[in-house]
Every structure is written in C-alpha cells, then in structure tokens.
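Reading the structure
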Amino acid sequence: MAATYEAKNVLITGAAGFIASHVAILFAKKYPHYKVVVVDKLDYCANLNNLKSVAGLLNFKFVKGDIGSADLMTYVLRTEEIDTVMHFAAQTHVDNSFGNSFEFTENNIRGTHVLLEAVKTLGTIKRFLHVSTDEVYGESSYELNEANVESASLLEPTNPYSATKAGAEMLVMAYGRSYNLPYIITRGNNVYGPHQYPEKAIPKFIMLARNGAQIPLHGDGQATRSYMHVADAASAFDTILHKGTLMGVYNIGAHEERTVLSVAQDIGSSLGLDVSKTITYVPDRMFNDRRYFIDCSKLLALGWTQKVSWEEGLKETIAWYTKHDEKSGYWGNLSGALVAHPTGGKPSAAGEVYQNLEDMMAASDAEAAGNAGAGGEKKPIFLVYGRTGWIGGMLGKLLTEQGHTWCYGMARLQDRAGVQDDIKRSRCTHVMCAAGITGRPNVDWCEDNKVEVLRANVIGILTLADVAHLAGVHVTNFATGCIYEYDASHSIGGAGFTEDEAPNFTGSFYSETKSYMEVMLRHYPNVMQLRLRMPIDGNLQNPRNFITKIANYPKVVNIPNSMTVLDEMVPMAIDGAIRGLTGAYNWTNPGAISHNECLELYRDFLHHDFTWDNFTVEEQAKVIKAGRS
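About the criteria used
For every chain, the first residue of the written sequence is number 1, and numbering continues from 1 onward in sequence order. Thresholds applied to this predicted model are a pLDDT of at least 70 for local features of residues and 80 or more for the giving and counting of side-chain atom pairs; totals over whole chains, interfaces and linings are not thresholded and use all residues. Here the side-chain values reflect all heavy atoms present in the structure, with hydrogen atoms and water set aside. Runs of E in the DSSP output that reach at least two residues are strands. Runs of H or I that reach at least four are helices, and both are numbered from the N terminus. The rule is simple: take the accessible area with a 1.4 Å probe, protein chains only, and divide by the maximum for that residue type; under 20% is buried, over 50% is exposed, in between is partly exposed. The Shrake-Rupley method, run with a 1.4 Å probe, gives the accessible areas here. Residue values count only the displayed protein chains as cover. Should DSSP find at least two bridges between two strands, the strands are taken to pair. Every angle, taken between N-to-C directions, lies between 0 and 180 degrees, and every axis is a line fitted to C-alpha atoms, over only the stretch in contact when it is a helix. The criterion used for residue contact is that any of the two residues' heavy atoms lie within 4.5 Å. Place the viewer so that the strands point away; then a crossover is right-handed whenever the path from the first strand over the helix to the second strand goes clockwise. Working rule for helices: expected span equals 1.5 Å times residues minus one. The term salt bridge refers to a side-chain nitrogen of Lys or Arg lying within 4 Å of a carboxyl oxygen of Asp or Glu.

**With respect to the overall build of the chain**
The helix and strand inventory of the chain stands at 19 helices and 20 strands. Relative to its full complement of 629 residues, the chain shows a buried share of 53%. Total accessible area on the chain stands at roughly 27400 Å², and carbon and sulfur atoms take up 52% of it.

**So, the sheet that holds strand 10 (residues 248–252)**
Across the sheet, which stays open at both edges, the seven strands sit in the order 3-2-1-4-5-6-10 with parallel pairing between neighbours. Since the sheet does not close on itself, it has two edges, and those belong to strand 3 (60–64) and strand 10, each with one partner. Ignoring strand direction, the axes of neighbouring strands in this sheet form an average angle of 20°. Here strand 2 (residues 35–40) pairs with strand 3 via five bridges, running parallel. In the sheet register, Val39 faces strand 3, and the bridge partner there is Val63. In the packing of helix 5 (residues 160–179) onto the sheet, contacts are made with strand 5 (127–133), strand 6 (183–188) and strand 10, and the angle to strand 5 comes to roughly 155°.

**Focus: the pairing of strand 14 (residues 405–408)**
Bridging between strand 13 (residues 381–385) and strand 14 involves four bridges; their strand directions are parallel. The partner of Val384 across the bridge, within strand 14, is Tyr408. The parallel pair strand 13 and strand 14, bridged by helix 11 (residues 390–401), forms a crossover whose chirality is right-handed.

**Quick look at helix 15 (residues 509–521)**
The end-to-end C-alpha separation of helix 15 is 18 Å, in line with the 18 Å expected for 13 residues at 1.5 Å each. Within the span of helix 15, buried status applies to Phe509, Tyr510, Ser511, Thr513, Lys514, Ser515, Met517, Glu518 and Leu521. The secondary structure elements touched by the buried residues of helix 15 are helix 13 (444–447), helix 14 (450–471), strand 16 (474–480), strand 17 (527–532) and strand 19 (583–586).

**Quick notes on the pattern of salt bridges**
On inspection of all chains with the given rule, the structure shows 13 salt bridges. Close ionic contact of Arg258 with Asp266 constitutes a salt bridge, the shortest N to O distance being 3.9 Å. You can call Arg258 buried: its relative accessible area is 15%. Among the charged side chains, a salt-bridge network with shared partners connects Lys35, Lys61 and Glu80.

**Here's the deal with the environment of Lys315**
Structurally, Lys315 can be placed in helix 10 (residues 310–323). In this structure Lys315 comes out as exposed when scored by relative accessible area, which is 64%. Sequence separation between Lys315 and Leu271 is 44 residues; the distance between their C-alpha atoms is 9.1 Å.

**Examining the sheet that holds strand 17**
As summarised here, the arrangement of the six strands in space is 14-13-15-16-17-19, forming an open sheet in which the pairing is parallel. What marks the edges here is a single partner per strand, and that holds for strand 14 and strand 19. Strand-to-strand twist in this sheet, taken as the mean axis angle between neighbours without regard to direction, amounts to 20°. Where strand 16 lies against strand 17, six bridges are found, and the strand directions are parallel. For Phe478, the partnering residue across the bridge sits in strand 17 and is Leu530. Together, strand 13 and strand 14 form the strand contacts of helix 12 (residues 416–426), whose direction differs from that of strand 13 by roughly 150°.

**Thoughts on the pairing of strand 15 (residues 430–433)**
Of the two faces of strand 15, the one holding His430 and Met432 and the one holding Val431 and Cys433 are both buried throughout. When strand 13 meets strand 15, the two strands line up parallel, connected through four bridges. Counterpart to Leu383 in the pairing with strand 15 is Val431. Bridge analysis of strand 15 against strand 16 gives four bridges, and the strand direction is parallel. Paired with His430 across the two strands is His474, which belongs to strand 16.

Structure, rendered in structure tokens:
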C-alpha cells in the first residue's frame, strides 16, 4: 500500500451543501494542521448553517463564489496556496435535471472544466479528488446480479444528471492523461443524513410523514437503492484522499439494498405512524433506473469499513429533521422541494437561513464589474471587527439585512500582519471596529490587566487605523463617552461636552486608554470616532444593556448621562461610514437622562413592583476599584 498522503491546504468545493459540509467539518476538526478552505456559491440547496460547527475554527475559511468563475478559482487556489482539491460542487437532483438540464451542464461540466483549467494553470496541486456518482454506470440488472466494478464497467448514464457527471469524469481523466493531473475519482451511491436538502427522498419523506401529508412514491415504489449514512461517506472520502492510488477510481457503497417503498415504511415505523394511508403513487420519472449495484472491494482494501447501521442512521436522521423541520428557520422556503417532482426551481431563502454563519462569509470575490454601482462607483465592502461582541453582532445582522457585502475580521488588532491580510483578502472599502476591552463584569477588571488593555485599546486600534489609512480604507471606530466628567464648566443640567473638547476624566484605566486614543486618532484622516454612552437596545435579556445592568445593581448613583439607543444609532453609523464621515461624533441621543429616570420607566412599563436604592458617588467609590465618569 502506498504511503499515506499528507495535505496542507485543502480546497473543498460545494461545502455548504450536504455531503461536502460533513467532509469539511471532519477535516477541519480531525486535521487541525490542515487549512480547510471551502467555496460555495450558496445555490438553493446550499446552507451556511451546515457549517456552523466549524465557524470559529482558525484553520477554516469560507469563500462565497462560483467554481465557474476562472478568476475567482485562480485567485483562491493561488492566495490560499492550495495543494489539494476535493471537488463536490454539482447539481445533483435527478428530477431537476429533467426540467432544467442546461443548469446541470453549466454546473457539472463547465464548472468542472473551469476548475481543471485553474488547477492546470497553477501547477501546484498534488491531489485532485473528483466526486462523481454510481449513476454514471446506468441501470444495474436484477437478472445478472453483477456489481459494477470500477475498471471493468462501461459508463451508460440514463438521465441528464448522470450524463453530465460522466462528462465531467471524462474531462478529469483527460486532464490526467494530457496534463498529468494527479486525480482520484469516486463513484458513490445514495447518501442520507443531517444537512441534506429536503428535495431528496429521505428528508422529504420524514417532513411529510411528520405533518401527515401524502408521501409521493415514483412509479410502483420498487426502485432499489443502497443508502449510506453521511458519516460513513465522509469517512470514505477521508480514506480515499489519504490512501487512494492516483489515477484510480473508487466506488463508495453501502452493504444493503432497499426499495424506496420500504424506506418510506421504515420512516413511518420509526415515527410510530401508519404511512400506508398517506403513501401515494405518482407518475414515474421519464426514466428511472431500477437498481444501482456497485462493487466496493477497492475501498474496503484501503481499510475503510461502514460503521453506521440503517436503523441507527435513520433514527439519528429523523431526530435531526424533527429539530430542523420546515418551521425551524434552518431552511427557508421549502415549497419547491416537498413536491413529487421538483423541476429545478430555486426557492427563495428566508433571511434567517444564513444568520448563524454571518461571521464565516468572506467578502465577495465578484469581478470588478460586479462591484461597480451606477456610474462606475464602487459598492462598499465592509470588514467588521468585534464579531463576538454586542455591537459587532448588530453590525453583522444589519449589513446582511441591508444587502451589503461584508465579513468579520479574523486577526487580533495588534497583529499588524494579520490586519493587513484581513484587509487585503476582504477587499474592503470600510472597516467597522467594535472591538476592544471594556472589562468583565465591569471596568474594574482593567485595573488589574493593564498590559492586555493597552494591547487591545491602544496598540490594536492604532494599528488598525494605520493599516487602513495606508490601504485607503475608511474606519469607523466605536468609542466611548466615558472620557468626561462634570466640572465647573459643565455642571449637571448645564452645557454638554462638545466633540472638540479635550477629555477630562482619567479616573479609570479603561477611560485613560480611551482618552489617549481620542487624541491620537484625530490625526488620521480616514477615521470616524463614534462616542457611545450608556448603550441600550430593545432586548432586556441582554446583560450588557444599560437598563438591565442597573436594574440588577443593589444600589445606583443618580446622575444624568447621555444615552445611546443602539437600534437607532448603529444603522446611522453604517450610513455615516458610507458617506465617508470623519472626525469625532458624540453618538448619543439628544438630552440626558438619570439612572432614577431610567428605572422609573422600567418600573412603570415593565415591572410595577420594582424598587431600588440610591447611594452617593462617595459611597460608590468605597466598593469599586476604578472611578466612574
């Protein structure tokens, strides 16, 4: 047996889809020394939620894009230094291929051809794993009962889907012969499990059965298939990539065969339902292969074994789709999927479909023309820092809702090279920085961790501003109003501080770092400073909400303060960034409101029995480390 292959930087196409998402998750977790880069154009059956479990892994990167874009694929292969490609991206549903066959030619043949050209041009790919299907063999005979063997069986596809997959295989083999492409081809049979788009039989049957709806079976329901759980399929791809022989073809198949009718009955039994009353027989496909029977001895010889039984896998799959049903928000609109014969329509996705992986979305690699608005004006592309924070999360949600191209930065702000890489890769025009250290549970923490606070609040912010300035990128920095305190010229009820007045409060180390940054950032012409004060939003379950915080304090001081209503002011920050505003702004709502006035409103509108106690500034000073502005 050949030595086990070791990859470094793996590109997985179509990885927001079903099988490829499981492979991407497996590789990102099992091989932390690999960099796993996934590309997906997010077609109707792809879903970023499928990649949620690896969103925070530093060896994982998502790029939204189409493999049919030669410029994009060349850029990704070169900049990510890819040495290994696992090509899953394809249109795969046979029913759709009868109604929208050109889409299959465009994606499965032309898309593969573009990717092959990019790989050939780069010349650095050590292994190209092309994912095909057992359907390229055509229909297997019940009478002969002979399995299709990789090297001995003709390819006789019977529908537009399998024909395009066979065509793609021929291209891969030709590039192997003509250009020494180090390929491996896999031909797998039916796979099921979590993440599969519900146009396919098993998830469709589960959803329909749970709702008491009719379960449509094509023809007489006697078409026979082998079903493999997706965990076993992902394991097979892992084995073949690392142990398979180059220029080889490997079948991936399950042990048992079962009819589509028996699958529906097994689902009903697992749910405790009598589906015989809801099964309905509908016209068959234009041609429906009765059987696919493949020989997997080459794969077994590599040491792979199937581990998940049909009973165990089906039970897990039903539980997963029960949790992630059509009402869960996981899928969006499934009206075009849960029908007897999907014909290639593309259901619209509800807005919540992609929210869980907003921080995974890299900036669009669309061609320059796609980034140009009316009159050639470049559309804004946002890079957001502070993805785990309150305001950073709001920014991601708003930018998505407004249809902007954006991504979260991955670098620590004090890492100059990392910030440079973020700005370069994202191609951003605007940075929105909501990162920094405020201290948990409050600013007292900063008194004991001054070096860490300096790195984030001073070195980090200055580094970001400087790198962005050199790159010609606008920066919006969410700062604080905790740099002022009442004095002789600014008494309670009197004039407020203007943006041009120097900070006068350094009673806490946190405020000291922020005051220093106010002075320094004024010298950068690309920076807009937004001073927030006592921020609130509409979510009183948020522990960082000012109202929630003071409502849970045993005692509060009663001092009027400016306040920032984030639901109003964060959208205005995005607008200000697009307009290219610079300089400092007191980013607060008009007027001032005291702690007692806030709590009175809280009591009157939400918690009628609520009470609180006040204490003086002097009394407060005895129980805190750092002063409060």
